[in-house]
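For reference, the chains in residue letters:
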Amino acid sequence: QVQLAESGGGLVQAGGSLRLSCAASGASGRIFSINTLGWYRRAPGKQRELVARIASGGSTNYADSVKGRFTISRDNAESTVYLQMNSLKPEDTAVYYCNFLGWERSWGQGTQVTVSS
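Calculation notes
Once a new chain begins, its residue numbering starts again from 1 and follows that chain's sequence as written. Reporting in this predicted model follows two pLDDT cut-offs: at least 70 for local features of residues, and 80 or more for side-chain atom pairs to be given and counted; totals over whole chains, interfaces and linings ignore these cut-offs and use all residues. For the side-chain quantities, the full set of heavy atoms in the structure was used; hydrogens and water were omitted. To count as a disulfide, a pair of cysteine sulfur atoms needs to be within 2.5 Å. Per the convention used, a helix needs a DSSP run of H or I reaching at least four residues, while a strand needs a run of E reaching at least two, with both numbered from the N terminus. Relative accessibility decides the category of a residue: with a 1.4 Å probe and only protein chains considered, values under 20% of the type maximum give buried, values over 50% give exposed, and everything between is partly exposed. Strands pair, by our definition, only if DSSP identifies at least two bridges between them. Note on definitions: angles span 0 to 180 degrees between N-to-C directions of axes, and those axes are lines fitted to C-alpha atoms, for helices only across the stretch in contact.

### Looking at the state of the cysteines
For the structure on display, the rule yields one disulfide. Between the sulfur of cysteine 22 and that of cysteine 98 lies a disulfide, 1.6 Å long from S to S. With a gap of 76 residues between them, cysteine 22 in strand β3 (residues 18–25) and cysteine 98 in strand β9 (residues 94–101) connect regions that are remote in the sequence. Cysteine 22 sits in the buried class, given a relative accessible area of 2%. A relative accessible area of 0% means that cysteine 98 is categorised as buried.

### Some words on the sheet that holds strand β1 (residues 3–7)
Taking strand neighbours across the sheet as the criterion, the four strands line up as β1-β3-β8-β7 in an open arrangement whose pairing is antiparallel. The sheet is open, and its two edges are formed by β1 and β7 (70–75), each paired on a single side. Geometrically, the sheet is characterised by an average inter-axis angle of 15 degrees between neighbouring strands, direction not taken into account. In the sheet, β3 pairs with strand β8 (residues 80–85) via six bridges, with the strands oriented antiparallel. From the neighbouring strand, leucine 18 faces β8, where its bridge partner is methionine 85.

From the geometry alone we can't say anything about function, so treat these as descriptive.
Encoded structure:
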């Protein structure tokens, strides 16, 4: 069974940076490498939204709200996907999750990101 474990969140001032990691266990390296992965977030009182995605070949897409500030990357050898978040804003405050797109697994616990103004 594939399990997703997010880490790297924390409390940061506006304008700061954080790097999130998401490790997938229970999946072969090949399964990990051929799938598209995404970072999602759920802010208080809002629905979960997709903020970044990375395809197997490395192409990326971002939500307009994070474009130019966030960078998604992946390490297939480590079955890990990353989200580098720069120039953080208070509206980025949310619990961040990762998952496969088109092959969604059970959601992990997520990692809390809190940006103070």
